[in-house]
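Close look at the chain arrangement
Here is how the chains run, residue by residue.
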Amino acid sequence: MKILKVPYVPALDGLDLKNVAELMETEALRQSIDVINWDEYAYKPVTVFDIARGGKDLYVHYFVRGLSLRAVADDDGEFVHPDSCVEFFMRRKDNLYYTNFEFNCIGTCLAARGSNRNERTPFTPDEYKKIRRYTTVQREAFAEKKGIREWELTVAIPFELMGLDASNLPDMIRGNFYKCADATANPHYVTWSPINLPSPDYHCPEHFGEIRF
């Protein structure tokens, strides 16, 4: 099980999201999404994320370099895992419900809450609007583009959307970070914290790592 400690960087709250990545370069914690859990999916694009928190939001900045780029989903609530996608799943340690935040490279988000992959409550349009996003890829849908591609995505997720009180954060939550692109020429399923299951499955809170505040 992986463990990370999220640094508190209050200056993040006063920045436009476009400028957050520069401050996070020196003030955030950097981690790699680099665990191959399933041998049949051995391709591993370079994927790192910087993580920090402000007064009300959790900030995550992703950097990805790898083969192909795909962004077919362009409306929040659509499936984004077939696209070039990064994901963050989390669960309060006192709750069986977990929340998934999934983003493709143009910032389209799929988010929901529930106790398992089948019984989930999707976010409302108003909740989606609260998730701020900035991407280096032009925000319009496109079919797969081949070749080596680089992209960055910064997201600010309000703690309230995670079921957390920003003024009284718990010592620890559980979670995992993922990289995938199911429908590309080089499908992959890479994780931050290892998953010991026979086939790809991200909806497995029993394999979440620790995220400490």
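Note: the structure precedes this text.
Computed from a prediction, not measured in an experiment: that's the story for all the values here. (Residues numbered from 1 in each chain as written. Predicted model: local features only at pLDDT ≥ 70, side-chain atom pairs only at ≥ 80, totals over all residues. Heavy atoms only, no water.)

Quick notes on empty space enclosed by the protein
Selection rule: Using only the protein atoms, space was sampled on a 1 Å grid; points where a 1.4 Å probe fits but cannot get out form cavities, open sets with protein on both sides within 12 Å along at least five of seven lines form pockets, and lining residues are those with an atom within 4 Å of a point. Grid points are joined across faces, edges and corners, and a volume is the space filled by probe spheres set on the points. Where helices and strands are cited, they refer to DSSP runs of H or I of at least four residues and of E of at least two residues respectively, numbered from the N terminus.
The tally for this structure, following the rule as stated, stands at one cavity of 30 Å³ or more. Roughly 50 Å³ of volume is contained in the largest cavity. Taken together, Pro-45, Val-64, Arg-65, Gly-66, Leu-67, Ser-68, Ser-84, Arg-149, Trp-151, Lys-179, Ala-181 and His-188 form the lining of the largest cavity. Contributions of two or more residues to the lining of the largest cavity are made by β5 (57-71) and β11 (142-158). Of all the elements, β5 adds the most residues to the lining of the largest cavity, at five residues.

Regarding the pattern of salt bridges
So the rule is basically this: What makes a salt bridge here is a side-chain nitrogen of Lys or Arg within 4 Å of a carboxyl oxygen of Asp or Glu, nothing more.
Overall, the coordinates contain eleven salt bridges when judged by the stated rule. A salt bridge links Asp-57 to Arg-132, with the nearest nitrogen and oxygen atoms 3.1 Å apart. Of this pair, Asp-57 sits in strand β5 while Arg-132 sits in strand β10 (residues 132-135), and the two are 75 residues apart along the sequence. Here the residues in one salt-bridge network are Glu-25, Arg-30 and Asp-50, joined through shared partners.

Topic: the sheet that holds β11
Worth spelling out the cut-off: DSSP bridges decide pairing: two strands pair if at least two such bridges lie between them. Between N-to-C directions, angles cover 0 to 180 degrees, with each direction set by a line fitted to C-alpha atoms, over the stretch in contact for helices. The contact criterion used throughout is that any non-hydrogen atoms of two residues lie within 4.5 Å.
If you walk across this open sheet you meet the five strands as β2-β4-β5-β11-β10, and the pairing is antiparallel. The open sheet is flanked by β2 (29-32) and β10, the only strands paired with a single partner. Each adjacent strand pair in this sheet contributes to an overall mean axis angle of 20 degrees, direction not counted. With 13 bridges connecting them, β5 and β11 associate as antiparallel partners. From the neighbouring strand, Val-60 faces β11, where its bridge partner is Val-155. With respect to the sheet, helix α1 (residues 17-27) is in contact with β2, β4 (46-53), β5, β10 and β11, its orientation differing from that of β5 by roughly 100 degrees.

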